[in-house]
Amino acid sequence: GALLALSKPPGLPVLARHGELSLVVLLPALRRRLGLPAELHVVKAPARECSGLVLLSGCRRATEQLQRFFSNTRRNGQYPVTYRAVTVGIPAEAEGEIRTGLCWQQQGDTAVVRGVRGLGVQGAAPRWGLRAVPLQVVPVPAAGRRSLARKEVKSTLTRYQVLGATGGCALLQLQPKTGESHPNTLLCPFLLARSHPPRSSPAFPEQLQVHLTLLLCPALGDHEHSSRVGKVLGVPFLLPPEAAPTRTQVLDEELLCRLGLSAQQLRHLPLHIHLQQLVLP
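Residues numbered from 1 in each chain as written. Predicted model: local features only at pLDDT ≥ 70, side-chain atom pairs only at ≥ 80, totals over all residues. Heavy atoms only, no water.

Caption draft 1: Structural view of helix 2 (residues 60-75). Counted at 1.5 Å a residue, the expected span for helix 2 with its 16 residues is 22 Å, and the 23 Å between its end C-alpha atoms agrees. Three or more residues of helix 2 are buried, namely Ala62, Thr63, Leu66, Gln67, Phe69, Phe70, Thr73 and Arg74. The buried residues of helix 2 occupy one face: seen down the axis, they fall within an arc of 150 degrees. In helix 2, those exposed residues whose orientation departs by more than 90 degrees from the buried face are Arg60, Arg61 and Arg75. Where the residues of helix 2 are buried, they touch strand 1 (3-8), strand 2 (41-44), strand 3 (51-57), strand 4 (81-88), strand 8 (169-176) and strand 12 (273-278). Glycine 77, located one to two residues past helix 2, shows a positive phi value of around 85 degrees. (Helix = DSSP H or I, 4+ residues; strand = E, 2+ residues; numbered from the N terminus. Expected span 1.5 Å × (residues − 1). Buried < 20%, exposed > 50% of the residue type's maximum accessible area, 1.4 Å probe, protein only. Arc of directions from axis to C-beta. Contact = heavy atoms within 4.5 Å.)

Caption draft 2: Representation of the packing of aromatic side chains. Considering all chains together, one arrives at one aromatic pair under this definition. Above the ring of phenylalanine 70, the side-chain terminus of lysine 44 is found at 5.2 Å from the ring centroid. It is arginine 159 that lies over the ring of tyrosine 79; its NZ or CZ is 3.8 Å from the centre. (Phe/Tyr/Trp six-rings, centres within 6.5 Å; stacked < 30°, edge-to-face > 60°. Lys NZ or Arg CZ within 6 Å of the ring centre and 35° of its normal.)

Caption draft 3: Structural context of helix 4 (residues 207-214). Helix 4 sits mainly inside the fold: seven of its eight residues count as buried. Along helix 4, the positions that sit buried rather than exposed are Gln207, Leu208, Gln209, Val210, His211, Leu212 and Thr213. Backbone geometry just after helix 4 places leucine 216 at a positive phi near 65 degrees.

Caption draft 4: Inspection of the state of the cysteines at higher detail. All chains considered together, the criterion is met by zero disulfides. The thiol of cysteine 217 is unpaired, and the distance to the nearest cysteine sulfur, on cysteine 169, comes to 9.6 Å. (Disulfide = S-S within 2.5 Å.)

Caption draft 5: Examining unusual backbone geometry more closely. Of note, the phi angle at leucine 216 is positive, near 65 degrees, even though the residue is not glycine. Tracing the sequence through the fold places leucine 216 in the loop between helix 4 and strand 10 (229-232). On the accessibility criterion, leucine 216 (26% relative accessible area) is partly exposed. In the Ramachandran plot, leucine 233 falls in the positive-phi region, its phi being about 55 degrees despite a non-glycine side chain. By secondary structure assignment, the location of leucine 233 is in the loop between strand 10 and strand 11 (235-238).

Everything listed here is a matter of coordinates, which is why it stays silent on function.
Here it is as structure tokens:
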């Protein structure tokens, strides 16, 4: 079957809730537009907030083989996926690796989101014990063997290299060895659960954003995790997730001026992480 590569804009999810625009919803129209005989399947795609390469296949068997290839090459110590990112801040070292455990953690104390009553059926009562739980990805620097074995925490690794730097910002090459999401897991960060995340956590679509905050260099346009990097007298430091609620990224006046943005426009600035290269067999 045919292989097709296209570039996805930031903010477009691969999968979404019913009625929302997503890449999968657009695939039938794309197939008809190109005159392809077979249904298109997503082999590889960046997460919702990232931009970059999307690899599609017209053959289900080829899709499965390529997905196994990406998984196996990472296990063998290779880096088949390469991203580029613009960061606010310049890493202390020109290249290196970021290693940490990651886990899903409920946001807030109650973790209940209104509006889940009658899931799928208007006026119907909610399923017993189910509620929408907003989740966030948090680092676990010293993950224990038991939590790793129970898959409550996943060990993650990203290799980085500084390609250029100017004006307090840097262009980084990022190669995640672990933690990348299968296309079918790229959903909104909500879980329908009784009270806690699943014991077998899925991969983390936000791995790169979290890893960049650990470098004290959040990605430009990261309005989810950048608040975890604070500054005192111009020196950055890391805040715990519970002390850093989600908010629009804060940039200094000089950088705002160079970007041609006002403080009010800043919340519309997209995440500057781009899937730039895929290695194929």
